[in-house]
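Next come the chains, spelled out residue by residue.
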Amino acid sequence: MSDHITRRKLMGAASAGLVAARVARPAATDKPAMLGGRPIRTAPFPSWPVIAENEERAWMDVLHKGKWNRLDGDYANQFEQTWAATLGAKHCLATANGTSALFISLNALGIGPGDEVIVPPYTFVATVNAVLLQHALPVFVDTDPETSQIDARKIEAAITPRTRCILPVHLGGSPADLDAILAIGRNHNLPVLEDACQAHLAEWRHRKVSTLGALGCFSFQASKNLNSGEGGAILTNDTDLYHQCQSFHNNGRGDTGSGFGYVRNGANLRMTEFQAALLLEQLKRVEEQSRTREQNAAHLTKQLAEIPGLRPARMYDGATRNAYHLYMFRYDKAHFANLPRAQFLKAMRAEGIPCSGGYTPLNKEPFLKHTFDSRAYRVIYPSKQLAEWFERNQCPANDRLCEEAVWFTQTMMLGPREDMDQIVEAARKIQRQAAALAQA
Ligand SMILES: Cc1ncc(COP(=O)(O)O)c(C=O)c1O
């Protein structure tokens, strides 16, 4: 009997402890760094890019060979072969950057004035700029807030007789819903151009993204998971499209590469040998780095999802690998004493956790109106069509996502698992102290 009472008392004490933990009276050490407390973390996260002896050797090799242009050297060829083989694509064309990869691809697909291209509003501006460079009209399809990707369920409603291409982005390295998007493409006879600029090694049903649509594009800009400062690539299994891209990116030359023979119009959008040599060396680490990001992200997601008000971006069922160029989640201030997101971000940064609120709605960018007011657009498009564009391009779910999103960069996913624990610790601390922070 006494044993029974003791156990009951113990259980009572334990549950009282639980309640206390839930209401979480802040300890002195719990003071937010933004209010003068000790930050959770003072050490920097892993730096980027990773530079080692192999990069230095390759760089100096290009330098001393003196063949800095790809038409003279072999590094760009080697990179193209390696990247195509890594992704399982028939062809790879190295380009000056990701924007030019998209621009070249749209050109090869014959997209031009009067055409509509379906794009997400939740992407880097280059996706849309590539469409505008062709004097085509970007048509925005709202975002699926659960995944931060284009909402494939809303694509068909945006298709008109003028639609010529679907341009999904695998944002943050998480694949867009390719089953649905490719099926819509097939049903409407529309090519799918994958913007995989943030999605190195990401997979859809165990196939690398960029190889499932007509063409796929990468960026190797400095922040990217595979990096040469600037750089890009186009992947395709279509030999005809490859030749179109190849020629266009080399001033319209034919297969011979150099000389003064032209088979079409074009531009110089070639990658340099320096870029290609760096990429070949950086490539040696990309698989291992990718695995580290995945493991860290899985650990982080499990813990962040337990914090009321934080919702990590979901992956579609077909997504078998996420590149985690960005780690994305949504913040609901209702669970943080109404602390605005801007203050949450500030408080996290003060705790030593760099983060950002991500993109603003691209479909509402004033520069679009300026572009449509330009002489070229006014010549191409009837004023009624341009006037209606703003009505057609409302994306309410995306507007909301842009107000709630929180991002970490890929480099933060490259450290030890304890780094993830500190991120979570900072978020929990801010939640406990949200009322104090909201009043500050
Ligand atoms: C989704 C997306 N598309 C296109 C680009 C353009 O790539 P780049 O900066 O190499 O021109 C980027 C890169 O910043 C990107 O993130």
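Quick note: structure is the one above.
Attention in this report is confined to the structure presented alongside it. (Residues numbered from 1 in each chain as written. Predicted model: local features only at pLDDT ≥ 70, side-chain atom pairs only at ≥ 80, totals over all residues. Heavy atoms only, no water.)

### What about the overall build of the protein?
- Each helix and strand in the protein was counted, giving 15 helices and 15 strands.
- Its C-alpha atoms give the protein principal-axis dimensions of about 95 × 60 × 40 Å.
- When burial is assessed residue by residue, the protein has 54% of its 440 residues classed as buried.
- Within the protein, contacts between residues separated by at least 24 positions form 72% of all contacts whose residues are at least 6 apart in sequence. (Helix = DSSP H or I, 4+ residues; strand = E, 2+ residues; numbered from the N terminus. Buried < 20%, exposed > 50% of the residue type's maximum accessible area, 1.4 Å probe, protein only. Contact = heavy atoms within 4.5 Å.)

### Concerning the sheet that holds strand E12 (residues 310-312)
- Taken together, the three strands give an open sheet; going across it, the order is E12-E14-E15, and neighbouring strands pair in antiparallel fashion. Each edge of the open sheet is held by one strand with a lone partner, namely E12 and strand E15 (405-409). Shown here is a sheet whose adjacent strand axes are inclined to one another by a mean of 30°, direction ignored.
- Bridging between E12 and strand E14 (residues 326-331) involves three bridges; their strand directions are antiparallel. If you follow Arg 311 over to E14, its bridge partner there is Arg 330. (Pairing = 2+ DSSP bridges. Axes fitted to C-alpha atoms, helices over the stretch in contact; angles between N-to-C directions.)

### Some thoughts on the environment of Ala 298
- Its location among the elements puts Ala 298 in helix H8 (residues 273-304).
- For Ala 298, a relative accessible area of 46% puts it in the partly exposed group.

### Considering the site of the ligand
- Near the ligand lie 16 residues; those nearest to it are Gly 98, Thr 99, Asp 195, Ser 219 and Lys 224.
- One nitrogen or oxygen atom from the side chain of Lys 224 is found 2.7 Å from an oxygen atom belonging to the ligand.
- Coverage of the ligand by the protein chains reaches 93% of its 380 Å² of free accessible surface.
- Applying the majority rule of atoms within 2 Å of the grid points places the ligand in the largest pocket.
- Put simply, the parts of the chain that give the shell around the ligand at least two residues each are helix H4 (98-108) and helix H5 (125-133).
- Considering every element that reaches the shell around the ligand, the biggest residue donor is H4, with three residues.
- Looking at side-chain class alone, the shell around the ligand contains five nonpolar, nine polar and two charged residues. (Near = heavy atom within 4 Å. Polar contact = N/O pair within 3.5 Å; in protein donor to acceptor, adjacent residues only side chain to side chain. Areas by Shrake-Rupley, 256 points an atom, 1.4 Å probe, with all protein chains shown as cover. 1 Å grid on protein atoms, 1.4 Å probe; cavity = no way out; pocket = protein on both sides within 12 Å on 5 of 7 lines; lining within 4 Å. Sits in = over half its atoms within 2 Å of the grid points. Nonpolar A, V, L, I, M, F, W, Y, C, P; charged D, E, K, R; others polar.)

### What about the pattern of salt bridges?
- Tallying each qualifying case throughout the model produces 25 salt bridges.
- Salt-bridge contacts for Glu 146 lead to Arg 330; the nearest nitrogen and oxygen are separated by 3.2 Å. With a gap of 184 residues between them, Glu 146 in the loop between strand E4 (143-144) and strand E5 (149-150) and Arg 330 in strand E14 connect regions that are remote in the sequence.
- Judged by its relative accessible area of 12%, Arg 330 is buried.
- Put simply, Glu 287 and Arg 321 hold a salt bridge, and the shortest N to O gap is 3.0 Å. Within this pair, whereas Glu 287 is found in helix H8, its partner Arg 321 is found in strand E13 (residues 319-321), the two being separated by 34 residues in sequence.
- Classification of Glu 287 as partly exposed rests on a relative accessible area of 32%. (Salt bridge = Lys/Arg side-chain N within 4 Å of Asp/Glu carboxyl O.)

### Considerations on the packing of aromatic side chains
- Using the criterion set out here, one finds 24 aromatic pairs in the structure.
- Seen from their ring centres, Tyr 122 and Tyr 359 are 5.4 Å apart, and the 85° between their planes marks the pair as edge-to-face. Of the two residues, Tyr 122 is situated in the loop between strand E2 (116-119) and H5 and Tyr 359 in the loop between helix H9 (341-350) and helix H10 (366-372); the sequence distance between them amounts to 237 residues. In terms of burial, Tyr 122 and Tyr 359 fall into one category: buried.
- Plain terms: the ring middles of Tyr 327 and Phe 408 are 6.1 Å apart, the flat faces sit at 25° to each other, and that makes the pair stacked. In this pair, Tyr 327 sits in strand E14 while Phe 408 sits in strand E15, placing the two residues 81 residues apart along the sequence.
- The exposure class of Phe 408 is buried, given its relative accessible area of 0%.
- Within the aromatic cluster, the residues linked to one another by ring pairs are Phe 140, Phe 372, Tyr 377, Tyr 381, Trp 389 and Phe 390. (Phe/Tyr/Trp six-rings, centres within 6.5 Å; stacked < 30°, edge-to-face > 60°.)

### Here we look at H5
- For H5, the full list of buried residues reads Ala 126, Thr 127, Val 128, Ala 130, Val 131 and Leu 132.
- Of the surrounding elements, those touching the buried residues of H5 are H4, E2, strand E3 (137-140), strand E7 (193-195), H10 and helix H11 (375-380).
- Just downstream of H5 lies His 135, where phi reads positive at about 60°.

### Regarding the pairing of strand E1 (residues 91-95)
- Counting buried residues along E1, five of its five residues qualify, which places the element largely inside the surrounding structure.
- Covered by surrounding structure in E1 are His 91, Leu 93 and Thr 95 together with Cys 92 and Ala 94, the residues of both alternating faces.

### Observations concerning the nonpolar core
- Membership of the largest hydrophobic core comes to 50 residues, with the highest contact counts inside it found for Phe 79, Trp 83, Ile 118, Ile 155 and Phe 220.
- Elements that contribute at least two residues to this core include exactly helix H2 (53-65), helix H3 (75-87), E1, helix H6 (178-188), strand E11 (232-236) and H8.
- The greatest single-element share of this core, amounting to seven residues, is contributed by H8.
- In this structure Ile 118 touches Val 139, Val 141, Ile 150, Ile 155, Ala 158, Ile 159, Thr 163, Cys 165, Ile 166 and Leu 167, once residues within four positions along its chain are discounted.
- Judged by nonpolar contacts, the second largest core, of 37 residues, contains Leu 93, Phe 103, Leu 109 and Val 117. (Core = buried A, V, L, I, M, F, W, Y, C linked by side-chain atoms within 4.5 Å.)

### A few points about the layout of surface pockets
- Taken as a whole, the largest pocket holds about 430 Å³ of empty space.
- In this structure, the largest pocket is lined by 25 residues; those nearest its centre are Phe 124, Gln 198, Gln 221, Ser 223 and Lys 224.
- The element contributing the most residues to the lining of the largest pocket is H4, with three residues.
- Taken together, the residues of the lining of the largest pocket break down into nine nonpolar, 13 polar and three charged. (Points joined across faces, edges and corners; volume = space filled by probe spheres on them.)

### Quick notes on the side chain of Gln 282
- One can find Gln 282 in helix H8.
- Within the local environment of Gln 282, its side chain forms a polar contact with the backbone oxygen of Val 50, the two atoms lying 2.9 Å apart.

### With respect to unusual backbone geometry
- Look at the link from Trp 48 to Pro 49: it is a cis peptide, with omega at 5°.
- Within the secondary structure layout, Pro 49 lies in the loop between helix H1 (2-23) and H2.
- The phi dihedral of Ser 148 falls on the positive side, at around 70°, and the residue is not glycine.
- Here Ser 148 lies in the loop between E4 and E5.

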